[in-house]
Amino acid sequence: MNNKKFTNLISTCGRKILFVNHAAVLGGAELCLVDLAIAYRNASQILLFEEGPLQNRLSSLNILVKTIPAPGALLSVRTSSRLSGLAAFPALWWMGRRILEQSQGFDVIHANSQKAFAAAALSRWMGGPPVIWHLRDIITARHFSSLNRWLAITLANSQASKVFVNSNATAKAFIAAGGNADLVQVLHDGVSNVPFGEVKREQVLAIRAEIGISEKIPLIGCFSRLSYWKGQHILLEAIQDLPEVHVMFVGKALFGEEDYVNRLNELGASPKLSGRVHWMGFRSDVPVLMSACNIITHTSTEPEPFGRVIIEGQLARKPVIATAAGGAQELIEDGRTGRLVPPGNSNALRKVIEELLSCPAQAEEIACQGYNSASTGFSLDAHLKKFSAALGL
């Protein structure tokens, strides 16, 4: 997409947006925010609650970004915790005041995360501009304490002008938790196919050389932060009895979870897997890395709100195997644009990996249909146009 053309169109609308995000990591939600920030660079500012890679990325793109460090009591809150949520309320109120101050001159606040929304909702209650919550989480009792669910839904129903959700699965969970269905608008995320079309063969060969394997070795890619519910252990269990298959993990733990990382390292060093597991950490060359793989996997053990990595894998023209839960089921038609397997089922995952590797023609057809689906139904261009229309610009 021609971002410059879209930005020029937006800048003529005369409305200003304050984008707010609590984290400065580069997870899926933050990468989506970067796309919005690029498109709206002439009519927006980004406000973060901490310094980090997201701030650096935005600054490198010449996007106006400001960081107001939030109190530790707020940043340390886990959505599943009740007591820490209560303790963080004074910090949340303080952050709401800061957002109110920063929102002067802006027409709307776009909150890209739950903590950002809670603080922005308080700023709205204090007299700030209208707030849109871009909800990118499935609100369930498994991941959110009863207090945090109640607070999020109460603030949404009373203070949000709109609630954008990234999938029908996210919308269903919000409404089931008590959210006002009239506020909801489904906006599936979009991904640009341009970086994937620019990958050169020599770059792919360089990645293979970097991890020390030839083109003939089957390589399975898993792109996600390291977290138990992201299910990296399921993939390791699946390839234990596939001795020729290597796996590449791209990502790192973003919110603690070092115990899980240690578990993964121990499993990867086991006799059956030793030498076949490649830890790449956080990388910015995802299109190249995906292009070096034979298959891309999405292994979440819980319903995924959207699944950006699924679209990216399809744009890389690779067959994608994903967990049949949440938003992933809206991105893949099983057997045509990808493959779906039950959550947490390493045996089912192993069988599908074996099937795709043993039948290259089938894998190629799925990859082709997946690319067509992603590039038309989930393009960045289409997403930005729907986003602009939903904002009323």
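Criteria and thresholds
Residues numbered from 1 in each chain as written. Predicted model: local features only at pLDDT ≥ 70, side-chain atom pairs only at ≥ 80, totals over all residues. Heavy atoms only, no water. Helix = DSSP H or I, 4+ residues; strand = E, 2+ residues; numbered from the N terminus. Rg over C-alpha atoms; globule rule 2.2 N^0.38 Å. Buried < 20%, exposed > 50% of the residue type's maximum accessible area, 1.4 Å probe, protein only. Areas by Shrake-Rupley, 256 points an atom, 1.4 Å probe, with all protein chains shown as cover. Pairing = 2+ DSSP bridges. Axes fitted to C-alpha atoms, helices over the stretch in contact; angles between N-to-C directions. 1 Å grid on protein atoms, 1.4 Å probe; cavity = no way out; pocket = protein on both sides within 12 Å on 5 of 7 lines; lining within 4 Å. Points joined across faces, edges and corners; volume = space filled by probe spheres on them. Core = buried A, V, L, I, M, F, W, Y, C linked by side-chain atoms within 4.5 Å. Expected span 1.5 Å × (residues − 1). Right-handed = clockwise from strand over helix to strand, strands pointing away. Patch = residues over 30% accessible without salt bridge, like charges linked within 9 Å, V, L, I, M, F, W, Y side chains within 5 Å. Salt bridge = Lys/Arg side-chain N within 4 Å of Asp/Glu carboxyl O. Phe/Tyr/Trp six-rings, centres within 6.5 Å; stacked < 30°, edge-to-face > 60°. Lys NZ or Arg CZ within 6 Å of the ring centre and 35° of its normal. Contact = heavy atoms within 4.5 Å. Parallel < 35°, antiparallel > 145°, perpendicular 65-115°, else oblique. Left-handed = near helix turned anticlockwise from the far one by under 90°. Nonpolar A, V, L, I, M, F, W, Y, C, P; charged D, E, K, R; others polar. pLDDT = per-residue confidence, 0-100.

Undergrad: I'd like a description of the overall build of the protein chain, backed by residues and values.
TA: The secondary structure content of the protein chain amounts to 19 helices and 13 strands. Taking 2.2 N^0.38 as the reference for a compact globule, 393 residues should give roughly 21 Å; the C-alpha atoms of the protein chain span a radius of gyration of 21 Å, in line with that estimate. Counting only C-alpha atoms, the protein chain reaches 60 × 50 × 35 Å along its principal axes. Burial statistics for the protein chain: of 393 residues in total, 57% are counted as buried. Entry remark: accessible area of the protein chain is about 16200 Å², with carbon and sulfur atoms responsible for 51%.

Undergrad: Which residues make up the sheet that holds strand S8 (residues 219-223), and what values do they have?
TA: The six strands are arranged S10-S9-S8-S11-S12-S13 in an open sheet whose pairing can be described as parallel. Both edges of this open sheet fall to strand S10 (277-281) and strand S13 (339-341), since each of them pairs with a single strand only. Ignoring which end each strand starts from, the neighbouring axes of this sheet average 25 degrees apart.

Undergrad: Outline the layout of surface pockets, supporting the account with residue identities and numerical values.
TA: One number sums up the size of the second largest pocket: a volume of about 250 Å³. Among the elements that line the lining of the second largest pocket, the one with the most residues is helix H18 (residues 360-377), at four residues.

Undergrad: Tell me what's going on with the nonpolar core, and back it up with residues and numbers.
TA: Among the nonpolar cores identified, the biggest contains 39 residues, and Val20, Phe49, Ile99, Phe117, Trp133, Val163 and Phe174 are the most heavily contacted of them. Within the residue set of this core, elements represented by two or more residues are strand S1 (17-21), helix H6 (89-102), strand S4 (108-111), helix H7 (114-125), strand S5 (131-135), helix H8 (146-159), strand S6 (160-165) and helix H9 (168-176). For this core, the leading source of residues is H7, giving seven residues. Counting 34 residues, the second-largest nonpolar core is a separate cluster that includes Val204, Phe223, Ala316 and Leu340.

Undergrad: Lay out H7 with the relevant residues and their values.
TA: Side chains of residues three or four places apart in an α-helix project in the same direction, reflecting 3.6 residues per turn. A rise of 1.5 Å per residue sets the reference length of H7, with its twelve residues, at 16 Å; its end C-alpha atoms lie 16 Å apart and thus fit the reference within 8%. Here H7 lies mainly inside the structure; ten of its twelve residues are buried. Among all positions of H7, only Gln114, Lys115, Ala116, Phe117, Ala118, Ala119, Ala120, Ala121, Leu122 and Ser123 are buried. Of the residues one or two after H7, Gly127 is the one with positive phi, at around 115 degrees.

Undergrad: How would you summarise the pairing of S10 if you had to cite specific residues and measurements?
TA: Bridge count between strand S9 (residues 246-250) and S10: four bridges; the pairing is parallel. In the sheet register, Val247 faces S10, and the bridge partner there is Val277. You can see the chain leave S9, run along helix H13 (residues 258-268) and come back into S10, and the turn it takes is right-handed.

Undergrad: How would you summarise a nonpolar patch on the surface if you had to cite specific residues and measurements?
TA: A surface patch of nonpolar side chains, about 350 Å² in accessible area, is lined by Phe89, Trp93 and Trp125. By secondary structure assignment, the location of Phe89 is in helix H6. Residue classification places Phe89 among the partly exposed residues on the basis of a relative accessible area of 38%.

Undergrad: An account of the packing of aromatic side chains is needed here, citing residue identities and associated values.
TA: By the definition in use, this model includes nine aromatic pairs. On the basis of an interplanar angle of 75 degrees and a centroid distance of 5.6 Å, the ring pair of Tyr40 and Phe387 is categorised as edge-to-face. Taken together, the positions of Tyr40 in the loop between helix H2 (28-39) and strand S2 (44-48) and Phe387 in helix H19 (residues 380-391) put the pair 347 residues apart, joining distant regions of the chain. For the pair Tyr40 and Phe387, one class covers both residues: buried. Among the aromatic residues, those joined into a ring-pair cluster are Phe19, Tyr40, Phe164 and Phe387. Over the ring of Trp94 we find Arg98; its NZ or CZ atom is 4.7 Å from the centre of that ring.

Undergrad: So, the side chain of Glu30: which residues are in play, and what are the values?
TA: Following the sequence through the fold, Glu30 ends up in helix H2. Beyond its immediate chain neighbours, meaning those up to four positions away, Glu30 contacts Asn21, Ala23, Val25, Leu54 and Asn112.

Undergrad: Hey, could you go over the packing of H6 against H7 for me, with residue numbers and the actual values?
TA: Their axes nearest at 8 Å, the elements H6 and H7 cross at an angle of 65 degrees. When the interaxial angle is binned, H6 and H7 end up roughly perpendicular. Once H6 is placed against H7, the crossing between them reads as right-handed. In this structure, H6 uses Leu92, Trp93, Met95, Gly96, Ile99 and Leu100 to contact H7, whose residues at the interface are Lys115, Ala116, Ala118, Ala119, Ala120, Leu122, Ser123 and Trp125. Here the residues of the contact of H6 with H7 are counted per class, giving eleven nonpolar, two polar and one charged.

Undergrad: Tell me about the confidence of the model for the protein chain, residues and numbers included.
TA: Summary statistics for the protein chain give a mean pLDDT of 92 and a share of 94% for residues scoring 70 or more. Low confidence marks residues 1-13, where pLDDT is under 50. Its contacts with residues over four positions away, or in another chain, come to 21 contacts.

Undergrad: Report on the sheet that holds S5, specifying residues and quantitative values.
TA: Strand pairing in a sheet relies on backbone hydrogen bonds, with the paired strands running either antiparallel or parallel. Spatially, the seven strands line up as an open sheet ordered S3-S2-S1-S4-S5-S6-S7, and their pairing is parallel. Taken across any chain shown, the strands that pair with only one partner, and hence form the sheet edges, are strand S3 (65-67) and strand S7 (184-186). With direction set aside, neighbouring strand axes in the sheet form an average angle of 25 degrees. Here S2 runs beside S3; their pairing, made up of three bridges, is parallel. Residue pairing across strands places Leu47 opposite Lys66, the latter belonging to S3. Here H2 sits on the sheet in contact with S1, S2 and S4, set at roughly 165 degrees to S1. With respect to the sheet, H19 is in contact with S1, S4, S5, S6 and S7, its orientation differing from that of S6 by roughly 160 degrees.

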